[in-house]
Amino acid sequence: MEQDDGVWTIIQRRRKQDNISFHRSWISYKKGFGNLENSFWLGNDYIHEITKQTSELKISTSMGQTRYANFFIQSENKSYKIFLGNCSGKDDNIGKINGGALFSTRDKDNANSNRNCARLQLAGWWYKDCVELTNNINSIKLTESLTNTEISIRQGKLFGGHPCCLLSRWNIMLEMK
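Quantities reported herein were computed from a predicted structural model and do not represent experimental measurements.

A.B. asks: Teacher, can you tell me more about the packing of aromatic side chains here?
C.D. replies: How two aromatic rings sit relative to each other is set out by the distance from centre to centre and by the angle between their planes. According to the stated counting rule, one finds 11 aromatic pairs in the structure shown. Ring geometry for W26 against F103: centres 6.3 Å apart, planes inclined by 65 degrees, an arrangement best described as edge-to-face. In this pair, W26 is assigned in helix α1 (residues 26–31) and F103 in strand β9 (residues 102–104), connecting sequence segments 77 residues apart. Residue W26 shares its accessibility class with F103, and that shared class is buried. Residues W41 and W126 carry aromatic rings whose centres are separated by 6.0 Å and whose planes lie at 50 degrees to one another, so their mutual orientation is tilted. Residue W41 is located in strand β3 (residues 40–41), and its partner W126 is located in strand β10 (residues 125–127); the two are separated by 85 residues in the primary sequence. Neither W41 nor W126 differs from the other in exposure class; each is buried.

Right, here's the structure in full:
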């Protein structure tokens, strides 16, 4: 998928043909896993370090593009809590990323739910109360119908937009200023 208007750091890529499991432990998501040429998760510690500077999150899909201003995640001792600023874009087919959610994995459930959302979806993600089951792009259940997904970040210009965004087919990037 095209990466326009600046330099982007890809923090997640999931390709259907790679058969890389995203149903991993807290330590795996902390440190990162996979192959940078194929499917991978950069690592929550790295994403936290990168987003200490003002960052933008971009989600590019076959349906369009969504951007969140002022994206960052907190450190591990705060369970990689996610913060998302204003959102702009047209991609509204699946569901929103919940700002303020804590990261959960199969062995560390931080969701406000009586179910382990990461185990249900076979992947780590920022779950609040398992309502994100339709939009977790790490989930094999969602990516069964998709060929490629990417999450990237960029430091740089910020933008105005809507207070919430909905997502569908995924290419997510972060821009850093």
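Having seen it, we continue.
A.B. asks: Help me understand the nonpolar core, please; the structure alone is not making it clear to me.
C.D. replies: In a soluble, globular protein the nonpolar side chains are often hidden away together inside. Judged by nonpolar contacts, the single largest core of 29 residues is most densely connected at W41, L57, F71, I82, I97 and W126. Counting residues per element, the ones that place at least two in this core are α1, α2 (44–50), β4 (55–61), α3 (117–121) and β10. Sorting elements by how many residues they give to this core places β10 first, with three residues.

A.B. asks: What should I look at first to understand the environment of G43 in this one?
C.D. replies: Here G43 is to be found in the loop between β3 and α2. Separated by 32 residues in the primary sequence, G43 and I11 place their C-alpha atoms 7.5 Å from one another. Excluding residues within four positions of it along the chain, G43 makes contact with Y29, K30, K31 and G32.

Analysis parameters
- For every chain, the first residue of its written sequence is number 1, and the numbers climb from 1 along that sequence.
- Only residues with pLDDT of at least 70 get local features here, since the model is predicted, and only at 80 or more are side-chain atom pairs given and counted; chain-wide, interface and lining totals rely on the full set of residues.
- Hydrogens and water molecules were not included; the side-chain quantities draw on all heavy atoms of the structure.
- Any two of the Phe, Tyr and Trp rings considered here, Trp counted by its six-membered ring, make a pair once their centres fall within 6.5 Å; the pair's planes then place it as stacked at under 30 degrees, edge-to-face at over 60, or tilted in between.
- Numbered from the N terminus, helices here are DSSP runs of H or I no shorter than four residues, and strands are runs of E no shorter than two.
- Only protein chains enter the accessibility calculation, which uses a 1.4 Å probe; a residue whose area is less than 20% of its type maximum is buried, one above 50% is exposed, and one in between is partly exposed.
- To qualify as a nonpolar core, a set must consist of buried Ala, Val, Leu, Ile, Met, Phe, Trp, Tyr and Cys residues joined through side-chain atoms within 4.5 Å.
- The contact rule is simple, with two residues in contact once any of their heavy atoms fall within 4.5 Å.

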